[in-house]
Amino acid sequence: MALKKIGAATAAAALALSLTACGGGAAGTTDLSNLKIGIKFDQPGMGLNEAGKYTGFDVDVATYIAGKLGTTPEKIQWVQAPTPQRETLIENGSVDLVVATYSINDTRKQRVSFAGPYFIAGQDLLIRADDTSITGVDSLKGKKLCSVTNSTSAQNVKDKVPGVNLQEFATYSDCVTALVSKGVDALTTDDTILAGYASQPQYAGKLKVVGKPFTQENYGVGLKKGNTDLCNKVTAAINDMIKDGSWEKAVKANLGPANYTPGPGNPPTPAACS
């Protein structure tokens, strides 16, 4: 009986060790041959899912990083990562990495770790291509501005231009439709997202990004808190992508059709992992 108990305890300990080695602990080792990566599914130019075809700058960044970690494109499992769910997806192991216009900030760092930044974005304005009256956030007085209900972007503009006529819609796609039909005069969110919409074939020549960002957003790769080993590997991959020209190529391919030029600080220097 005693021997059976000892054997069971040994087996349990071995199982626990095995699970930890596969990434079960906060700082555990992730299986890098099959990665689950969270991206946006509804952001043209950044992260878009069209009937199982995934495109966008974030997708290209994630695919490059995965390749450096040993995961070929066909072995990546793409997971939808809506803004409110990103931390939870990382914490519960639903994803290994999140590459989804994910701004690094101190609040999020309490729950997850970040590698990066791999891109520095800024909140800007999208307007009709023939509109010369809007030159920046300071020229919005009396204009109809669209953003998503309860978004940080909407609040930022309320703070900067108290008298703005803000129209809050359910999605940015709704805002773009209203902008093209002249129901609103401008749309605001991160410049990368705006450039993605302007790059869509159906809006070619119809929309433009103003190019006067008024916030700074450092996009990082989210991962399980405390997994410094994985963070260091992702950081090395980001540096390689910048050095070998793949980063610039991905920017031009996904955002170039909107004549978008990355703002100051790009390409960025990723911070050290801690």
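Before any of the text, the structure's been laid out above.
Because the structure is predicted, anything quoted here is derived from the model rather than measured. (Residues numbered from 1 in each chain as written. Predicted model: local features only at pLDDT ≥ 70, side-chain atom pairs only at ≥ 80, totals over all residues. Heavy atoms only, no water.)

J.: Kindly report on the packing of helix α2 (residues 57–69) against helix α9 (residues 246–255), identifying the contributing residues and their values.
T.: The contact between α2 and α9 brings their axes to 9 Å, and the two run at 155 degrees. When the interaxial angle is binned, α2 and α9 end up roughly antiparallel. At the point where α2 passes α9, the crossing takes the right-handed sense. Taken together, the residues of α9 that come into contact with α2 (itself represented by Phe57, Asp60 and Tyr64) are Ser246, Trp247, Ala250, Val251 and Asn254. Partitioned by chemical class, the residues of the contact of α2 with α9 number five nonpolar, two polar and one charged. (Axes fitted to C-alpha atoms, helices over the stretch in contact; angles between N-to-C directions. Helix = DSSP H or I, 4+ residues; strand = E, 2+ residues; numbered from the N terminus. Parallel < 35°, antiparallel > 145°, perpendicular 65-115°, else oblique. Left-handed = near helix turned anticlockwise from the far one by under 90°. Contact = heavy atoms within 4.5 Å. Nonpolar A, V, L, I, M, F, W, Y, C, P; charged D, E, K, R; others polar.)

J.: Explain unusual backbone geometry to me, and be specific about the residues and the numbers.
T.: Excluding glycine, residues mostly have negative phi values, and the peptide bonds linking residues are mostly trans. The peptide bond linking Gly116 to Pro117 adopts the cis configuration, its omega dihedral lying at 15 degrees. By the element assignment, Pro117 lies in strand β7 (residues 112–121). Cis rather than trans, the peptide bond between Asn266 and Pro267 has omega equal to -10 degrees. Relative to the assigned elements, Pro267 resides in the segment after α9.

J.: Outline the state of the cysteines, listing residues and values.
T.: One pass over the structure, following the stated rule, counts two disulfides. Note that Cys146 is cross-linked by a disulfide to Cys175, the S-S spacing being 2.1 Å. Between Cys146 and Cys175, the disulfide has an S-S torsion of -70 degrees and is therefore left-handed. Here Cys146 is found in strand β9 (residues 144–148), whereas its partner Cys175 is found in helix α6 (residues 172–180), with 29 residues between them in sequence. Take Cys146: its relative accessible area is 0%, and that puts it in the buried class. Exposure remark for Cys175: the relative accessible area of 0% places this residue in the buried category. What pairs with Cys231 in a disulfide is Cys273, and their sulfur atoms sit 2.1 Å apart. Classification of the bridge connecting Cys231 and Cys273 rests on its S-S torsion, roughly -85 degrees, and on that basis the disulfide is left-handed. Of this pair, Cys231 sits in helix α8 (residues 228–243) while Cys273 sits in the segment after α9, and the two are 42 residues apart along the sequence. Both residues of the pair, Cys231 and Cys273, belong to the buried class. Here the protein pairs its bonded cysteines, counted in sequence order, in the arrangement 1-2, 3-4. (Disulfide = S-S within 2.5 Å. Buried < 20%, exposed > 50% of the residue type's maximum accessible area, 1.4 Å probe, protein only.)

J.: Give me α8: which residues, what numbers.
T.: With 16 residues, α8 ought to run about 22 Å at 1.5 Å a step, and its terminal C-alpha atoms sit 22 Å apart, in line with that. Buried within α8 are the following residues: Leu230, Cys231, Val234, Thr235, Ala237, Ile238 and Met241. Projected down its long axis, α8 shows its buried positions confined to an angular sector of 160 degrees, all on one face. Those residues of α8 hidden inside the fold are in contact with α2, β6 (97–98), β7, β13 (217–224) and α9. (Expected span 1.5 Å × (residues − 1). Arc of directions from axis to C-beta.)

J.: Just give me the short version of the sheet that holds strand β3 (residues 47–50), but keep the residues and values in it.
T.: In spatial order, the strands read β2-β3-β4; together these three strands make up an open sheet with antiparallel pairing. The sheet is open, and its two edges are formed by β2 (42–43) and β4 (53–55), each paired on a single side. By the bridge criterion, three bridges tie β3 to β4 in an arrangement that is antiparallel. When the bridges of β4 are listed, Leu48 appears paired with Thr55. (Pairing = 2+ DSSP bridges.)

J.: Which residues make up the sheet that holds strand β12 (residues 207–209), and what values do they have?
T.: Read from one edge to the other, the open sheet built from five strands follows the order β10-β9-β11-β8-β12, with strand pairing classed as mixed. The open sheet has two edge strands, β10 (165–169) and β12, and neither has a second partner. Recorded for the sheet is a direction-independent mean angle of 30 degrees between the axes of neighbouring strands. Taken together, the four bridges between strand β8 (residues 123–128) and strand β11 (residues 186–190) define a ladder with antiparallel strand orientation. Residue pairing in the sheet places Gln123 in a bridge with Asp190 of β11. In the packing of α6 onto the sheet, contacts are made with β8, β9, β10, β11 and β12, and the angle to β11 comes to roughly 150 degrees.

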